[in-house]
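Structure assessment
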Amino acid sequence: MKAAPPDSTILIIDDSPDTIRLLSAMVREQGRVLFATSGAAGLELARLQRPQLILLDVEMQGMDGFGVCERIRSDPHLRSSAIIFVTAQSSPEAEIACLDAGAVDFIPKPLNAAVVQARVRTHLRLQAALSVLDELANQDGLTGLYNRRYFDRQLAAELARHRRHELPLGLALLDVDDFKRFNDRYGHQEGDNCLQLVAGALREGARRPGELAARYGGEEFVVLLPNTTPEALEQYGQWACRRIGELAIPHPTASAAPHVTVSVGLCTLVPGDDDTPDSMLRAADAALYEAKRAGRNRCLLAAVPA
Ligand code: GH3
Ligand code: MG
Ligand code: MG
Ligand code: MG
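A few points on the structure.

Calculation rules
- As a convention, each chain's residues are numbered from 1 in the sequence order in which they are written.
- The naming scheme follows written order: chains are lettered A onward, ligands numbered 1 onward.
- Thresholds applied to this predicted model are a pLDDT of at least 70 for local features of residues and 80 or more for the giving and counting of side-chain atom pairs; totals over whole chains, interfaces and linings are not thresholded and use all residues.
- Side-chain numbers come from the whole structure's heavy atoms, not from hydrogens or water.
- As a rule, N, O and S atoms within 2.8 Å of a metal are its donors, except that Na, K and Ca use 3.2 Å; water is not among the atoms, so sites may look incomplete.
- A run of H or I in DSSP becomes a helix once it reaches four residues, and a run of E becomes a strand once it reaches two; helices and strands are each numbered from the N terminus.
- Note on classification: 1.4 Å probe, protein chains only; a residue is buried when its accessible area is under 20% of the maximum for its type, exposed when over 50%, partly exposed between these limits.
- What we call a nonpolar core is a set of buried Ala, Val, Leu, Ile, Met, Phe, Trp, Tyr and Cys residues that are connected through their side-chain atoms within 4.5 Å.
- Contacts are assigned to residue pairs with any non-hydrogen atoms lying within 4.5 Å of each other.
- In this scheme Phe, Tyr and Trp rings, the latter by its six-membered ring, pair at centre separations within 6.5 Å, and the angle between planes marks the pair as stacked below 30 degrees, edge-to-face above 60, and tilted otherwise.

Bringing the coordination of the magnesium ion (ligand 4) into the picture now. The protein atoms donating to the magnesium ion (ligand 4) are Asp175 (OD), Val176 (O) and Glu219 (OE), with metal-donor distances spanning 1.9 to 2.2 Å. The sequence pattern formed by the donor residues of the magnesium ion (ligand 4) is D-V-x42-E. A spacing of 3.6 Å is found between the magnesium ion (ligand 4) and the magnesium ion (ligand 3), which share Asp175 as a donor. Placement of the pair is Val176 in strand S6 (residues 169-176) and Glu219 in the loop between strand S7 (212-217) and strand S8 (220-225), with a sequence separation of 43 residues. The buried category is assigned to Val176, whose relative accessible area is 1%.

Before going further, it helps to examine the nonpolar core. If you look at the biggest cluster of nonpolar residues, it comprises 28 residues, and the most contacted ones within it are Ala172, Leu174, Leu202, Phe221, Val223 and Val264. Elements represented by at least two residues in this core include exactly S6, helix H7 (179-186), helix H8 (188-205), S8, helix H9 (230-246) and strand S9 (262-269). Among the elements that take part in this core, H8 stands out by supplying six residues, more than any other. Look past the residues within four positions of Leu174 in its chain and what remains in contact with it is Leu202, Glu219, Glu220, Phe221, Val222, Val223, Ala240, Val262, Ser263 and Val264. Formed by 20 residues, the second largest nonpolar core is a distinct cluster that contains Ala214, Met280, Leu281 and Ala287.

This part takes up the packing of aromatic side chains. Counted by the stated rule, this structure contains six aromatic pairs. Ring geometry for Phe151 and Tyr216: centres 6.0 Å apart, planes at 85 degrees, overall edge-to-face. Of this pair, Phe151 sits in helix H6 (residues 148-165) while Tyr216 sits in strand S7, and the two are 65 residues apart along the sequence. The class for Phe151 is buried, based on a relative accessible area of 0%. Tyr216 sits in the buried class, given a relative accessible area of 12%. Aromatic pair Tyr236 and Trp239: ring centres 5.7 Å apart, planes at 35 degrees, arrangement tilted. Of the two residues, Tyr236 and Trp239 are both situated in helix H9; the distance of three residues between them amounts to about one turn of the helix.

Put into structure tokens, the structure is as follows:
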């Protein structure tokens, strides 16, 4: 019998302390167990702790299990937690209602330890597989950075958040200089290795909360920098140019230096109603184009209309 994946968190939401005690004892060995005695407290705990699995009582005072389930399913931060309903109502209709509400499974009362453990084990394993798939879907295969799909989603979300809070959102678009010549000289495989080194440096440079480095495509990268003023963004751009240069990857046929360099287009703004992900990317791209024209191996801040 295979064990549940390590580091799982199981949240029990039930208004009966006796049931909580009983269930906790049954699943104790399958993960870290948390509990809440009301729907509202359970939602709060779920937001803070992001459990893989929630064992949810259907009949509760106040917000019942269906109410809790609906909120979890409609909250993007909670949606990845799987819900198993626990209920004494064992009619087919009740079971169908639980699954229709978005639960992955159903445990009948009275509780049977072997049944509870088997269901919990199965769903923890599925959750672990799903989280691997989720990571892969958001990742660029060559560099391990986030991919464009994920970046586009985050950019849209951060733009809306910065608009709401009236904060400056920063964006850096980076393009490897004379990369075609690099491939021509060293071959595609060496080119791939070079992209991996550049990606590694960018990943290490995006460590503040909310910062995100992604491969935008080909030899282009993009970094999202929340709450970043023009001064701080230019500092980032200068750091990136310096850091990539310091990798000291030989590139004798490059036009700006005898090693691999990047050009960087920067854009930061407090988003107004007319600013969109597309308009920000276009502004950064225009600045990148100017940086290339001005000789490469440099960063340039986009002029943003006041
Ligand atoms: P510039 O300084 O103007 O950016 O010149 P460049 O040569 O870098 O620009 P261009 O867009 O002409 O060429 C980009 C090259 O990047 C062409 C393409 O073969 C290469 N490239 C794109 N994706 C990959 C990849 O995944 N691996 C490798 N090895 N090369 C790639
Ligand atoms: Mg109850
Ligand atoms: Mg390019
Ligand atoms: Mg290039």
